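A structural walkthrough
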Amino acid sequence: ASVIQQVSRREADIGVIMICNNEEIRFEKELAQNNLAFEEIFHDEMVFLVSANNSLYLKEKATMYEVLQYPYVYYKDSLTEEGKTLFAEHCDLAYLQTVCMKDQASIKKYLQHSQATTVAPYKAAKNNIYLQYEVLYPIRLLDVDWRCRIGVVYRKDHALTREELFLLEKMHQQAARA
């Protein structure tokens, strides 16, 4: 179940989600239908990650078309209809090779040993040990403004506890330092 579904069904009091600009309409509708609030912690840009096996490695920027010439690796249901639509604006989906992985560790391991690409929010990714040691390298897009908002979702009828408010404050402070 998605984080939104878990919070809506009271399986979790709060959850951290990422909303990309190409998915905002769907997310806003889903939040409203489930009587959920979204509090943004920080905003970011989406970047593609590649390993030294990819010819785009160490290239600062590339077009979406260039990046999608390589297999695209994604996590579970993270390749949404909105994502497919965005990709279709830049390549023929019939020729896009995709690989679905069960967890983030599998994606990173796969990327290290292939020419594949994946996406991640830049600020979140730059603190990743794989990027710090240049095992993976972030590539910004030249032709697409692909942004995201990372934040916390909770039920509007749920009064946040002191601990949850403390956690939110710490998340805001951490984001401000990034």
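Please refer to the structure higher up on the page.
Fair warning: this is a prediction, and the values are worked out from it, not measured in the lab.

Topic: the overall build of the protein
Along its length, the protein carries 8 helices and 8 strands. Relative to the compact-globule value of 16 Å for 178 residues, the protein shows a C-alpha radius of gyration of 17 Å, a close match. A total of 178 residues make up the protein; the buried ones form 42% of that total. Long-range contacts, defined here as pairs at least 24 residues apart, represent 80% of the contacts in the protein between residues at least 6 apart. Averaging the positions of the 21 positive and the 25 negative side-chain charges in the protein gives two centres separated by 4 Å.

Here's the deal with the layout of surface pockets
By volume, the largest pocket amounts to about 1,200 Å³. Met 18, Tyr 75, Asp 77, Ser 78 and Gln 104 are, among the 41 residues lining the largest pocket, the residues nearest its centre. For the lining of the largest pocket, the residue count by class is 28 nonpolar, 7 polar and 6 charged. Space inside the second largest pocket adds up to approximately 170 Å³. Elements with a contribution of two residues or more to the lining of the second largest pocket: strand E2 (36-51), helix H6 (122-126) and helix H8 (162-177). At 3 residues, the largest contribution of residues to the lining of the second largest pocket is made by H8. Taken together, the residues of the lining of the second largest pocket sort by class into 8 nonpolar, 2 polar and 1 charged.

Description of the packing of aromatic side chains
Ring pairs (aromatic) are described by centroid distance and by the angle formed between their planes. Overall, the coordinates contain 7 aromatic pairs when judged by the stated rule. Taking 6.3 Å as the distance between ring centres and 70° as the angle between the ring planes, the aromatic pair formed by Phe 48 and Tyr 72 counts as edge-to-face. Of this pair, Phe 48 sits in strand E2 while Tyr 72 is found in strand E4 (residues 72-75), placing the two residues 24 residues apart along the sequence. A relative accessible area of 3% means that Tyr 72 is categorised as buried. Aromatic side chains Phe 87 and Trp 146 sit 6.1 Å apart centroid to centroid with 90° between the ring planes, which places their arrangement in the edge-to-face category. Of this pair, Phe 87 sits in helix H4 (residues 81-88) while Trp 146 sits in the loop between strand E7 (136-141) and strand E8 (147-155), and the two are 59 residues apart along the sequence.

Topic: the environment of Ser 51
For Ser 51, the position within the fold is in strand E2. By relative accessible area, which is 2% here, Ser 51 ends up buried. Not counting chain neighbours up to four residues away, the residues in contact with Ser 51 comprise Tyr 57, Leu 111, Gln 112, Ser 114, Val 135 and Leu 136. A distance of 3.1 Å separates the side chain of Ser 51 from the backbone oxygen of Ser 114, its partner in a polar contact.

A short note on unusual backbone geometry
One non-glycine residue with positive phi stands out, namely Arg 10, at about 65°. Owing to a relative accessible area of 51%, Arg 10 belongs among the exposed residues under this scheme. Phi is positive for Leu 58, close to 70°, though the residue is something other than glycine. Counting through the fold element by element, Leu 58 comes out in the loop between E2 and strand E3 (61-62).

Regarding the nonpolar core
In terms of nonpolar packing, the biggest core is built from 34 residues, with Phe 48, Met 64, Leu 68, Tyr 72, Phe 87, Leu 141 and Trp 146 touching the most fellow members. Elements represented by at least two residues in this core include exactly E2, helix H3 (64-67), E4, H4, E7, E8 and H8. Counting residues per element, this core draws most heavily on E2, which supplies 6 residues. Apart from the residues within four sequence positions on either side, Trp 146 is in contact with Cys 20, Asn 21, Asn 22, Glu 45, Met 46, Phe 48, Met 64, Leu 86, Phe 87, Val 119 and Leu 141. Grouped together as the second largest cluster of nonpolar side chains are 11 residues, Val 47, Val 73, Ala 120 and Ala 125 included.

So, how was this worked out
Residues numbered from 1 in each chain as written. Predicted model: local features only at pLDDT ≥ 70, side-chain atom pairs only at ≥ 80, totals over all residues. Heavy atoms only, no water. Helix = DSSP H or I, 4+ residues; strand = E, 2+ residues; numbered from the N terminus. Rg over C-alpha atoms; globule rule 2.2 N^0.38 Å. Buried < 20%, exposed > 50% of the residue type's maximum accessible area, 1.4 Å probe, protein only. Contact = heavy atoms within 4.5 Å. Lys, Arg positive; Asp, Glu negative; His and termini not counted. Charge placed at Lys NZ, Arg CZ, Asp CG, Glu CD. 1 Å grid on protein atoms, 1.4 Å probe; cavity = no way out; pocket = protein on both sides within 12 Å on 5 of 7 lines; lining within 4 Å. Points joined across faces, edges and corners; volume = space filled by probe spheres on them. Nonpolar A, V, L, I, M, F, W, Y, C, P; charged D, E, K, R; others polar. Phe/Tyr/Trp six-rings, centres within 6.5 Å; stacked < 30°, edge-to-face > 60°. Polar contact = N/O pair within 3.5 Å; in protein donor to acceptor, adjacent residues only side chain to side chain. Core = buried A, V, L, I, M, F, W, Y, C linked by side-chain atoms within 4.5 Å.

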